[in-house]
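Structural overview
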Amino acid sequence: MLSKNEIIRWLKEKDAQRLEALWLQADRIREQYVGNTVYFRGIIEISNYCARYCKYCGINAGNKTLKRYRLSMDEILTVAQTIERLDYGTVVLQAGEDPALSGEWITELIKRIKNESDLAVTLSLGERTPEELEAWRLAGADRYLLKFETADLRLFNEIHPLQNNGPWKNRLEILHFLKQIGYETGSGIMIGLPGQTYDELAEAILLFQELDLDMIGNGPFIPHPDTPLGKEYERMKNSDQQAPNDALTTCKVNALTRMVCPTVNIPSTTALATIDRQQGRENGLLRGANVIMPDFTPLPYRQWYEIYPGRLQAYKPPEEQHALLLKMLHKIGRTMGRGKGVSLNYLKKRD
Ligand code: SAM
């Protein structure tokens, strides 16, 4: 187990040779606990409407320049078929906090996916009501992702203005509820938010352990010029306690997360692959991760799910994207997992 001071020391480590030891250890623990298979999750970004004003996010309600879209149920089901045809075990439905995606409509969507496929369904739809979360679980949803984004409550409140909030006290309360009603529960943070310190990153890693999460997704904060934090970033980035929002720090956080939470599923995130196009996805997998979440949002919608800039540059048609990912896995000696890839951390609690 790692102490907070040890975690901070690793987060600040600059020596490439010493860091090799960190990567190696995280990779060994990954192999020992969750093996060499990499599970693929197909993401569909079903709506970019959002009622919230999160200061980091390009689809926040205040961004009036963005074209908004919402996929129809048939469009989503067609993409889910492609995901299943490529032998992915999971579809992830993600969206802004869109009130027009009503509880009943999502329930119907989950039921149809479950009836028409053998896919696990992961939801990432924000801070919805307890009744909705429960109804979706009953309809067959398997997993829920909700990042707490930062372990510093003051910073969290600063970047999530109190507008259009639901019934919850905070996101930790929601995570406890999700676990309680039987979801495989995922969370995570952004790395390098303006005002985020090394100390706070270490707190977040220890909080992952305390929350006993099943999935932990961490990605770098990528400044979006049309958001309040995108503008603030330039001012903050030179302070010496400021945690960097780079690929190296993201890999350190993932490696340390693997060390303190050995049985969780950790994705090598799209945000990491976006800031390091050559090596990001691969390095993530070599430094603790065991999941990837390729984007299947069809064109033209994908360009409008602009939570941060640069996402469209990575666009490839699904088959081509899949072939490239398999090639990358082959190169690093890993194989694609078949089936749903349920988190070992979740299974172990159910034994
Ligand atoms: N509305 C849901 C929610 O907030 O959980 C799901 C959609 S939200 C866009 C998904 C994730 O995008 C957030 O948890 C956040 O970590 C990430 N995100 C948003 N803006 C980002 C940015 N500028 N840089 C990196 N990640 C970002």
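Keep in mind the model is a prediction, meaning the values are calculated, not measured. (Residues numbered from 1 in each chain as written. Predicted model: local features only at pLDDT ≥ 70, side-chain atom pairs only at ≥ 80, totals over all residues. Heavy atoms only, no water.)

1. Notes on the site of the ligand
The condition is simple: Proximity is defined per residue: any heavy atom of the residue falling within 4 Å of a molecule or strand makes that residue near it. Counted as a polar contact is a pair of N or O atoms within 3.5 Å, where, for protein atoms, one must be capable of donating a hydrogen and the other of accepting one, and residues adjacent in sequence contribute only when both atoms are in side chains. The accessible surface values rely on the Shrake-Rupley method and a 1.4 Å probe; as for residues, cover is taken only from the protein chains in view. Note on residue classes: Ala, Val, Leu, Ile, Met, Phe, Trp, Tyr, Cys and Pro are nonpolar, Asp, Glu, Lys and Arg are charged, and everything else, Gly too, is polar.
Residues in close proximity to the ligand total 19 residues, the closest being Tyr56, Ala95, Glu149, Pro220 and Ile222. Taking Glu149, its side chain carries an N or O atom lying 2.6 Å from an oxygen atom of the ligand. The fraction of the free accessible surface of the ligand (560 Å²) that becomes covered by protein chains is 93%. Taken together, the residues that form the shell around the ligand break down as 11 nonpolar, four polar and four charged.

2. Comments concerning the pairing of strand S2 (residues 90-95)
Filter applied, for reference: The classification of residues rests on relative accessible area computed with a 1.4 Å probe and restricted to protein chains. Under 20% of the type maximum is buried, over 50% is exposed, and intermediate values are partly exposed. Secondary structure elements follow DSSP: runs of H or I no shorter than four residues count as helices, runs of E no shorter than two count as strands, and numbering proceeds from the N terminus. Note on pairing: two strands pair once DSSP finds at least 2 bridges between them.
Extensive coverage of S2 is indicated by the burial of six of its six residues. Side chains Thr90, Val92 and Gln94 project from S2 onto one buried face, and the interleaved Val91, Leu93 and Ala95 project onto a second face that is buried too. Note: strand S1 (residues 37-47) against S2, six bridges, orientation parallel. Opposite Ser47, over in S2, you have Ala95 as the bridge partner.

3. Points about the environment of Ile83
Short version of the rule: By definition in these notes, contact holds between two residues if any of their heavy atoms fall within 4.5 Å.
Along the polypeptide, Ile83 turns up in helix H3 (residues 73-85). Ile83 gets classed as buried once you look at its relative accessible area, which sits at 0%. Not counting the four nearest positions on each side in its chain, Ile83 is found in contact with Gly42, Ile44, Tyr88, Thr90, Val91, Leu119 and Phe296.

4. Side note on the UniProt feature "binding site: S-adenosyl-L-methionine" (unreviewed entry) in the chain
Put simply, the rule reads: UniProt positions are given in the numbering used here, feature names are shortened, and annotations may be inferred rather than shown by experiment.
In the numbering used here, UniProt assigns the "binding site: S-adenosyl-L-methionine" (unreviewed entry) feature to Glu149 and Arg171. These residues run over 23 residues, yet every pair of their C-alpha atoms falls within 9.3 Å of each other. Mapped onto the fold, Glu149 is located in the loop between strand S4 (143-145) and helix H6 (153-159). On the basis of relative accessible area, Glu149 is assigned to the buried category, the value being 9%. Apart from the residues lying within four places of it in its own chain, the contact partners of Glu149 are Tyr56, Phe156, His160, Arg171, Gly188, Ile189, Met190, Leu193 and Gln196. A distance of 3.4 Å separates polar atoms of two side chains, one belonging to Glu149 and the other to Arg171. Along the chain, Arg171 turns up in helix H7 (residues 171-180). Arg171 sits in the buried class, given a relative accessible area of 9%.

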